[in-house]
Amino acid sequence: MKIDAFFRRLSSRLFKTNERGWMGFFSTFTFSYSKLISVIKMVKTLKVIGFVMGIFLLQQAKAQQEQSFTHFMFQQAVYNPAATGNQQNIDFSGLMRQQWVGVSGAPETFFVNIQAPISFLRGGAGATIMKDQIGPFSSTGLKLAYAYRSLFWRGELSMGISVGLINKAINYNYFNVSDDPILVGTDNESGMIFNLDLGLFYQEEGRYYIGVSSTQLNQGSMAMAGGSTALKRNVYFHGGYFFSLRQFPQMVFQSSAMAVYTQGAPLQTNIGFTAEYNKKFWGGVIYKPQSGIALLAGVYFRQFRLGYSYDINTTPLKNGGSHELMIGYRFLIEVTKANKGYKNTRFL
């Protein structure tokens, strides 16, 4: 009895059980435990919200700058509509990029592009389908481009325009939180955004080229994840210079550079140097001050070209490198007046 009275007084002081005895103690303990579970759930919910907001802010920052490619010197028409159809052949190309290998939710990009010179339009036309994925966020777009080309000085000057639609989406199942009322029952959210690109491009074939363009010029936006996501305007400056050495007549060297400016985001620059041997294979190095160094190599096989690059990360953030695979096919259709047919000539 004395022991029971002692614990009653102790529980009364610690848990305010008073004369309720042990029933009051356990009642209070159960109530305190329930509050503790509620607090834990609240903390968990706040962590989820913080994670969602962090990913959302990352997506917003990424939306300000489009994905850049290591093979940028081969894909000028993707970011500058004025370069569409600047070759004398029909060109089909595709590219896959996997960034930061080993990092969950790291960016992945895929696109296909087809372009061709069209004489009666006095220029070229093309189309690009692109898909970009980072964590729960994805972006799928279609662009149709036209470039007007005319003789200027010693080369050709082009003015280009591209219009299209971009579908932005977020997959809430990515978070895999089954007991949180904020995300349970919500699968996907998406919407369409109109996009406009403009550009200028000048080239002296076999010598050099220079271009400037603005993508996402209209800065379209849409509501998403309780806020909004917007396409921020990007400005591209790019150019390249071809040269050869008397000692190595079968080698063609190219120095190239590209800079991307977006308000509120760091300047992205790529500086590259490649060498091509007898139109059979090439290799080179790309320096990216903001991220690292990339090595690339490729081969020509009949009308095909295949290229691969690997980005070596040199930033303090120790993540994996990035892989990029490019494939292309060029062909020429010549219309003959005699039989109204066509033939496919080999392009080297």
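Located above this text is the structure these notes cover.
Reference entry: report on the structure contained in this document. (Residues numbered from 1 in each chain as written. Predicted model: local features only at pLDDT ≥ 70, side-chain atom pairs only at ≥ 80, totals over all residues. Heavy atoms only, no water.)

A word on the side chain of Q203. Note that Q203 resides in strand β6 (residues 188-204). Residue Q203 is classed as buried on the basis of its relative accessible area, which comes to 11%. Separated by 3.1 Å, the side chain of Q203 and the backbone oxygen of N86 make a polar contact. If sequence neighbours within four positions are ignored, Q203 has contacts with N86, G155, E156, Y208 and Y209. (Helix = DSSP H or I, 4+ residues; strand = E, 2+ residues; numbered from the N terminus. Buried < 20%, exposed > 50% of the residue type's maximum accessible area, 1.4 Å probe, protein only. Polar contact = N/O pair within 3.5 Å; in protein donor to acceptor, adjacent residues only side chain to side chain. Contact = heavy atoms within 4.5 Å.)

With that settled, consider the nonpolar core. Within the largest apolar cluster, 19 residues are counted, with the highest numbers of intra-cluster contacts made by F72, M73, M258 and I286. When residues of this core are traced back to their parent elements, those giving at least two are α3 (76-79), β11 (248-261), β13 (281-288) and β14 (292-301). Sequence-distant contacts of M73, defined by excluding residues within four places in its chain, comprise Y209, Q254, S256, T274, I286 and L296. By size, the runner-up hydrophobic cluster in this structure holds 10 residues, among which are F175, I193, M224 and L231. (Core = buried A, V, L, I, M, F, W, Y, C linked by side-chain atoms within 4.5 Å.)

The next subject is the packing of aromatic side chains. The tally for this structure, following the rule as stated, stands at 15 aromatic pairs. When the ring of Y329 is compared with that of F331, the centres are 5.3 Å apart and the planes differ by 35°; the resulting orientation is tilted. One aromatic cluster is present, formed by Y241, F243, F253 and F273 through successive ring pairs. (Phe/Tyr/Trp six-rings, centres within 6.5 Å; stacked < 30°, edge-to-face > 60°.)

Another aspect to go through is the pattern of salt bridges. Following the criterion strictly, the structure yields eight salt bridges and no others. The salt bridge partner of R305 is D91, with a shortest N-O separation of 3.1 Å. Residue R305 is found in strand β15 (residues 304-313), and its partner D91 is found in strand β1 (residues 90-98); the two are separated by 214 residues along the sequence. Of the two residues, R305 and D91, both sit in the buried class. With its nearest N and O atoms 3.0 Å apart, the salt bridge here joins D311 to R97. One end of the pair, D311, is in strand β15; the other, R97, is in strand β1, and 214 residues separate them in sequence. Classification of D311 by relative accessible area gives buried; the value is 8%. Look at the salt bridges and you will find they share partners, linking R97, K288, D311 and E324 into a network. (Salt bridge = Lys/Arg side-chain N within 4 Å of Asp/Glu carboxyl O.)

In this section: the layout of surface pockets. The computed volume of the largest pocket comes to approximately 1000 Å³. As for the largest pocket, its lining consists of 41 residues, of which Q87, F242, E276, Y300 and R330 are closest to the centre. If you list the elements that add at least two residues to the lining of the largest pocket, you get α3, β1, β2 (108-118), β6, β7 (208-215), β11, β12 (268-277) and β15. In terms of residue count, β11 provides more of the lining of the largest pocket than any other element does, four residues in total. Here the lining of the largest pocket is built from residues that sort into 17 nonpolar, 16 polar and eight charged. (1 Å grid on protein atoms, 1.4 Å probe; cavity = no way out; pocket = protein on both sides within 12 Å on 5 of 7 lines; lining within 4 Å. Points joined across faces, edges and corners; volume = space filled by probe spheres on them. Nonpolar A, V, L, I, M, F, W, Y, C, P; charged D, E, K, R; others polar.)

A separate point is the pairing of β11. Inspection of the sheet shows strand β10 (residues 234-245) paired to β11 by 10 bridges, in the antiparallel sense. When the bridges of β11 are listed, G239 appears paired with A257. The turn linking β10 back onto β11 is made up of two residues. Linking two consecutive strands that pair antiparallel, namely β11 and β12, is a turn of six residues; a positive phi of about 85° is found at G264 within it. (Pairing = 2+ DSSP bridges.)

On to the side chain of T269. Considering the arrangement of structural elements, one finds T269 in strand β12. Overall, T269 belongs to the buried group, its relative accessible area being 18%.

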